[in-house]
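# Summary of structural features
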Amino acid sequence: MSAGIDPRSVPLPRYGSGSLADLTPSVLASIGTPGFTDILGLRPAIASCVLLVDGLGAEVLRGHAADASVLCGGFFRDLTTGFPSTTAASIASIGTGRPPGKHGIVGYTVAIPGEGRLLNSLKWDPRVDPLTWQPSPTAFERAASAGVEVLQVGKRIFRGGGLDRSALRGARFVGADTFGEVAAAVLAALGELSRSRRPGFVYAYVADLDWTGHGHGVDSTAWRLQLQFIDHLVAQIKSDLPDGVSFYVTGDHGMLDVPVSRRVDVDVDASLRDGIALLGGEARARYLYVREGALDDVLATWGSRFGSEAVVCTRDEAIDAGWFGPVSDLARPRIGDVIVASMSDLAFVATHHQPNEAKLIGQHGSLTPAEQLVPLISYFAG
């Protein structure tokens, strides 16, 4: 049983009514794609673009409105990510139109069932077949089969990667490494779609805000300046939108700063590793894969230490509470036996096993509003 905070008492992702998993199906329905439902009530359009800004949380954006007048001047409402609030899971929700429990990309680092090792969902592992890991047709594939032109605009290094093939297959890839390239690629695609009156969907992704937040924190000068660059990118695209086209900006998760004093080092405190075979997830949403017979002891140890500041619960308790949405048989064993989701500014780092992640200032992954809420900002031309 869970110790401390009840996993049913925390704010849950709004699957089916206002989550990232609902965004792509709604956009595709708004351009007339058969087989999709506009859950979000979007404006009808000929073609649409979704720009995903990695690390753009709704709360931190509102707190820096002076640095983002264009973003904050659009029609702005909140969506939730899913659990965990992390890039791989959120990108998969956008690409598939499904919550994490259905698409199965349920964390940053997760157990490969039966292998005794972890899969890093961003870096991937060549021994893991992306199409086996996520076998269901993506929303992009379904849209392309229905006659929609689907494009993905992103950094060239992402082309053909494991996450790309698993969650975003079906889109024609357009490489764009700089903001200028992103804006040019998006506008060129939307212009052609508008002129031809063909339905089209453009998904574009930029990572720089997230990298800046991780390295410097979300209230740093570097982060605020990077947000200004994002605002200018959005202004460039918005100012040249062709008639009949909609443009949406969102994020994959929010972020909060974790002081060094609030980072619990699991590699230093040996009692926290007792009974644990694999330490997965990430610092604010830990997956503990326990040795046989150690479940109760692990729950008791972590719950007694951190149960007032984190949800410490079993996999089944989190699933039953609805954290992941409906969970498939493929996804279930990838989730930790015990989940530790921070509800304060606490983080659980591993300086030996994950030294780079342990140094991050800005972090995310859990169920707090700072991490869960992302903006959906809308613009329309014509």
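Just so you know, these numbers come straight off a predicted model, no measurement behind them.

### Some remarks on the overall build of the chain
- The secondary structure content of the chain amounts to 15 helices and 18 strands.
- For a compact globule of 382 residues, the expected C-alpha radius of gyration is about 21 Å, and the chain comes in at 20 Å, within 12% of that figure.
- Taking all 382 residues of the chain together, 61% fall into the buried category.
- Relative to all contacts within the chain whose residues are 6 or more apart in sequence, the contacts with residues 24 or more apart total 74%.
- Roughly 14,100 Å² of accessible area belongs to the chain as shown, and the carbon and sulfur atoms make up 53% of that amount.

### Details of the packing of helix H9 (residues 179–196) against helix H11 (residues 221–239)
- Where H9 contacts H11, the axes come no closer than 9 Å and their chain directions differ by 25 degrees. In terms of orientation, H9 and H11 fall into the roughly parallel class. As for the relative orientation of H9 and H11, their crossing is right-handed in sense. Here Phe179, Val182, Ala183, Val186 and Leu187 of H9 lie close against H11, whose contacting residues are Gln226, Phe229, Ile230, Leu233, Gln236 and Ile237.

### Looking at the sheet that holds strand E18 (residues 373–381)
- What the seven strands build is an open sheet, ordered E3-E18-E9-E2-E8-E6-E7; its pairing is mixed. The strands lining the two open edges of the sheet, one partner per strand, are strand E3 (75–80) and strand E7 (172–175). When the angles between neighbouring strand axes are averaged without regard to direction, this sheet yields 20 degrees.
- Where strand E6 (residues 149–154) meets E7, four bridges bridge the pair, whose relative direction is parallel. Paired with glycine 154 across the two strands is glycine 175, which belongs to E7.
- Contacting strand E2 (47–53), E6, E7, strand E8 (200–206) and strand E9 (245–251), H9 runs over the sheet at an angle of about 175 degrees to E8.
- This element, H11, spans E2, E8, E9 and E18 of the sheet and lies at about 165 degrees to E9.

### Comments concerning empty space enclosed by the protein
- Counted under the stated rule, the structure contains one cavity of 30 Å³ or more.
- If you go around the largest cavity, the residues you meet are Lys155, Ala176, Asp177, Thr178, Phe179, Val182, Tyr205, Val206, Ala207 and Asp208.
- When residues of the lining of the largest cavity are traced back to their parent elements, those giving at least two are H9 and E8.
- Split by residue class, the lining of the largest cavity holds six nonpolar, one polar and three charged.

### Examining the layout of surface pockets
- One number sums up the size of the largest pocket: a volume of about 810 Å³.
- Around the largest pocket, the lining is made up of 35 residues, and of these Thr87, Tyr108, Leu122, Asp210 and Trp211 lie nearest the centre.
- Counting residues per element, the ones that place at least two in the lining of the largest pocket are helix H4 (87–96), E6, helix H8 (162–167), E8, helix H10 (208–216), strand E12 (276–282), helix H14 (355–358) and strand E17 (362–363).
- Class assignment of the residues belonging to the lining of the largest pocket gives a composition of 13 nonpolar, 14 polar and eight charged.
- What lines the second largest pocket is a set of 15 residues, and nearest its centre among them are Thr109, Leu118, Leu279, His353 and Gln354.
- If you list the elements that add at least two residues to the lining of the second largest pocket, you get strand E5 (117–120), E12 and H14.

### Considering the pairing of E5
- With four bridges connecting them, strand E4 (residues 109–112) and E5 associate as antiparallel partners. Within E5, the position partnered with alanine 111 by the bridge is leucine 118.
- Linking two consecutive strands that pair antiparallel, namely E4 and E5, is a turn of four residues; a positive phi of about 80 degrees is found at glycine 114 within it.

### As for the pattern of salt bridges
- Within the structure shown, the criterion is met by 19 salt bridges.
- Two residues, arginine 8 and aspartate 6, come together in a salt bridge whose shortest N-O distance is 2.9 Å.
- According to the relative accessible area criterion, arginine 8 is exposed, its value standing at 63%.
- One salt bridge connects arginine 305 with aspartate 269, and the closest N-O pair in it is separated by 2.9 Å. Of this pair, arginine 305 sits in helix H12 (residues 295–306) while aspartate 269 is found in the loop between strand E11 (263–265) and E12, placing the two residues 36 residues apart along the sequence.

### Thoughts on the side chain of histidine 214
- Note that histidine 214 resides in helix H10.
- Using a relative accessible area of 14% as the deciding quantity, one classes histidine 214 as buried.

### Description of the packing of H10 against H11
- Interaxial distance between H10 and H11 falls to 9 Å at its minimum, and their mutual angle equals 175 degrees. The orientation of H10 relative to H11 falls into the category roughly antiparallel. In this structure, H10 contributes Asp208, Leu209, Thr212, Gly213 and His216 to the contact, and H11 contributes Ala222, Trp223, Gln226, Leu227 and Ile230.

Criteria and thresholds
- Residues numbered from 1 in each chain as written.
- Predicted model: local features only at pLDDT ≥ 70, side-chain atom pairs only at ≥ 80, totals over all residues.
- Heavy atoms only, no water.
- Helix = DSSP H or I, 4+ residues; strand = E, 2+ residues; numbered from the N terminus.
- Rg over C-alpha atoms; globule rule 2.2 N^0.38 Å.
- Buried < 20%, exposed > 50% of the residue type's maximum accessible area, 1.4 Å probe, protein only.
- Contact = heavy atoms within 4.5 Å.
- Areas by Shrake-Rupley, 256 points an atom, 1.4 Å probe, with all protein chains shown as cover.
- Axes fitted to C-alpha atoms, helices over the stretch in contact; angles between N-to-C directions.
- Parallel < 35°, antiparallel > 145°, perpendicular 65-115°, else oblique.
- Left-handed = near helix turned anticlockwise from the far one by under 90°.
- Pairing = 2+ DSSP bridges.
- 1 Å grid on protein atoms, 1.4 Å probe; cavity = no way out; pocket = protein on both sides within 12 Å on 5 of 7 lines; lining within 4 Å.
- Points joined across faces, edges and corners; volume = space filled by probe spheres on them.
- Nonpolar A, V, L, I, M, F, W, Y, C, P; charged D, E, K, R; others polar.
- Salt bridge = Lys/Arg side-chain N within 4 Å of Asp/Glu carboxyl O.

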